[in-house]
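Next come the chains, spelled out residue by residue.
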Amino acid sequence: MKSKSPEQKQRNFRRRVIAYGSIILVLVTAYKWQPNRFDLFPRPIPKPNPLRDPETTKFWASGTKILLITAHPDDSEFFVGGTLSRLKESGGKVYQLICTDGDKGYYPFNDTAATRAIRQAEALKAAHTWGVQTLQFLGFPDGRLEDHPEAVTPIIEAINRINPDYVLAFDEFYPPRVSHSDHRFAGKLAHQAVERSGFKGFFLQFSTRAPNFFVDISKLWDAKAKLLA
C-alpha cells in the first residue's frame, strides 16, 4: 500500500475543508433566505405560569374595542378565527392591522402582484365575515418583516387612533419552536408599539408555548373552518 505524501495529504485536507465549508454555507444561506425559524434552545416557559383573567366580562362585552395585529392576510383566521367569531356574536368591535402585503415574494417564480391581490381580497372577505370594523395593510414585504422604527410607527398611530381596550398579537417571547419569522417580528413590533404608545389596556398574545388564558371555541369549529376556506 502506497502512503500519501505530505503534499497530497494537505491537498486532500484543503479539498475537504472547501467541500464541507461550501455545504455549510449553502445550508446557512438557505435557512436565512426562507422565513421559518427554529429554536434549538427555546426560552424556558415561566414556572409557575398561572392562569390569568384579562377581565373576560369586559372582553366579551358589546362595544369592547380590540386591535388585532397580524403578519399575513390569513393569520387571523388560522390563529384566532374562533375567537373572532365569538367576538362578533358578543358585539365586540375588532380592528385589524396586517403588517405585510401578502405577496410571498421570497418564493421563486411567484407572480407577486397576483398573489398580493388574491390574498388581500381573501383577507377582506374573511374579515367582513367575522365583523371587522377596519382593516389596514401596512404593506411591508411578505417573508421579510423586520424590527424597524418605520414598522412600529403605524402601529403606534393605530393604537392612539382606535384607543382599544385590548391588543391581540403574536407572542414574540415564547413562540412555537418552529414558526414564521414574520410572526415573531409582528409580535415584537406590536409589543414595542404598546409600550411606546402609553396603551393602558390588556395586551394578549397568541401562538405561544406559554398560554395562561384560553378561549373555548368548541361550538365554533364550523365557523372557523368557513373562515379558513
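Coordinates for the structure precede this section.
Figured I'd write up the structure that's included with this text. (Residues numbered from 1 in each chain as written. Predicted model: local features only at pLDDT ≥ 70, side-chain atom pairs only at ≥ 80, totals over all residues. Heavy atoms only, no water.)

### Topic: the overall build of the protein chain
Each helix and strand counted, the protein chain has 7 helices and 7 strands in total. Put simply, the protein chain runs from its N terminus to its C terminus through helices and strands in the order α-β-α-β-α-β-α-β-α-β-β-α-β-α. Here the C-alpha radius of gyration of the protein chain, 22 Å, is well above what a compact globule of 229 residues would show, namely 17 Å. Overall, the C-alpha framework of the protein chain stretches about 85 × 45 × 35 Å when taken along its three principal axes. When the 229 residues of the protein chain are sorted by exposure, 41% land in the buried category. Contacts spanning at least 24 positions in sequence make up 84% of the contacts within the protein chain whose residues lie at least 6 apart. Roughly 13500 Å² of accessible area belongs to the protein chain as shown, and the carbon and sulfur atoms make up 58% of that amount. (Helix = DSSP H or I, 4+ residues; strand = E, 2+ residues; numbered from the N terminus. Rg over C-alpha atoms; globule rule 2.2 N^0.38 Å. Buried < 20%, exposed > 50% of the residue type's maximum accessible area, 1.4 Å probe, protein only. Contact = heavy atoms within 4.5 Å. Areas by Shrake-Rupley, 256 points an atom, 1.4 Å probe, with all protein chains shown as cover.)

### Concerning the nonpolar core
One broad trend across soluble globular proteins is that nonpolar side chains are buried collectively. Of all hydrophobic cores here, the largest spans 43 residues; its most connected members are Phe59, Leu67, Leu68, Ile69, Trp130, Ile155 and Leu168. For this core, the element with the most residues is helix H5 (residues 149–162), which contributes 7 residues. Sequence-distant contacts of Phe59, that is, excluding residues within four places in its chain, are made with Thr64, Ile66, Thr83, Leu87, Tyr166, Leu168 and Leu204. (Core = buried A, V, L, I, M, F, W, Y, C linked by side-chain atoms within 4.5 Å.)

### Here's the deal with the environment of Phe140
Within the element layout of this structure, Phe140 appears in strand S4 (residues 132–140). The spacing of Phe140 and Ala123 is 17 residues in sequence and 16 Å in space, taken between C-alpha atoms.

### Brief notes about the sheet that holds strand S2 (residues 65–70)
Within the open sheet, the 5 strands sit side by side as S4-S3-S2-S5-S7. Their pairing is parallel. Every interior strand has two partners, whereas the edge strands, S4 and strand S7 (202–206), have only one. Neighbour-to-neighbour, the strand axes of the sheet open up by a mean angle of 15°, direction not taken into account. Most of the contacts of helix H3 (residues 75–90) go to S2, to which it runs at about 170°, and overall it touches S2, strand S3 (93–100), strand S5 (166–170) and S7. Strand contacts of helix H6 (residues 181–197): S2, S3, S5 and S7, with the helix running at about 150° to S5, the strand carrying the most contacts. (Pairing = 2+ DSSP bridges. Axes fitted to C-alpha atoms, helices over the stretch in contact; angles between N-to-C directions.)

### With respect to the packing of aromatic side chains
For any two aromatic rings, the description comes down to two numbers: the centre-to-centre distance and the angle of the planes. Taken as a whole and assessed by the stated rule, the structure comprises 7 aromatic pairs. With a centroid separation of 4.9 Å and an interplanar angle of 80°, the aromatic rings of Phe59 and Tyr166 are classed as edge-to-face. With Phe59 in helix H2 (residues 56–59) and Tyr166 in strand S5, this pair connects stretches of sequence that are 107 residues apart. The residues Phe59 and Tyr166 share a single accessibility class, namely buried. Judged by centre distance (5.5 Å) and plane angle (15°), the rings of Tyr166 and Phe202 are stacked. In this pair, Tyr166 is assigned in strand S5 and Phe202 in strand S7, connecting sequence segments 36 residues apart. Among the residues examined, Tyr166 registers a relative accessible area of 0% and is labelled buried. Feature note: the residues Phe59, Trp60, Tyr166, Phe202 and Phe213 constitute an aromatic cluster, connected by ring pairs. Positioned over the ring face of Tyr31 is Arg37, at 4.8 Å from the centre of the ring. For Arg43, the ring lying beneath its charged end belongs to Tyr174, and the centroid distance is 5.7 Å. (Phe/Tyr/Trp six-rings, centres within 6.5 Å; stacked < 30°, edge-to-face > 60°. Lys NZ or Arg CZ within 6 Å of the ring centre and 35° of its normal.)

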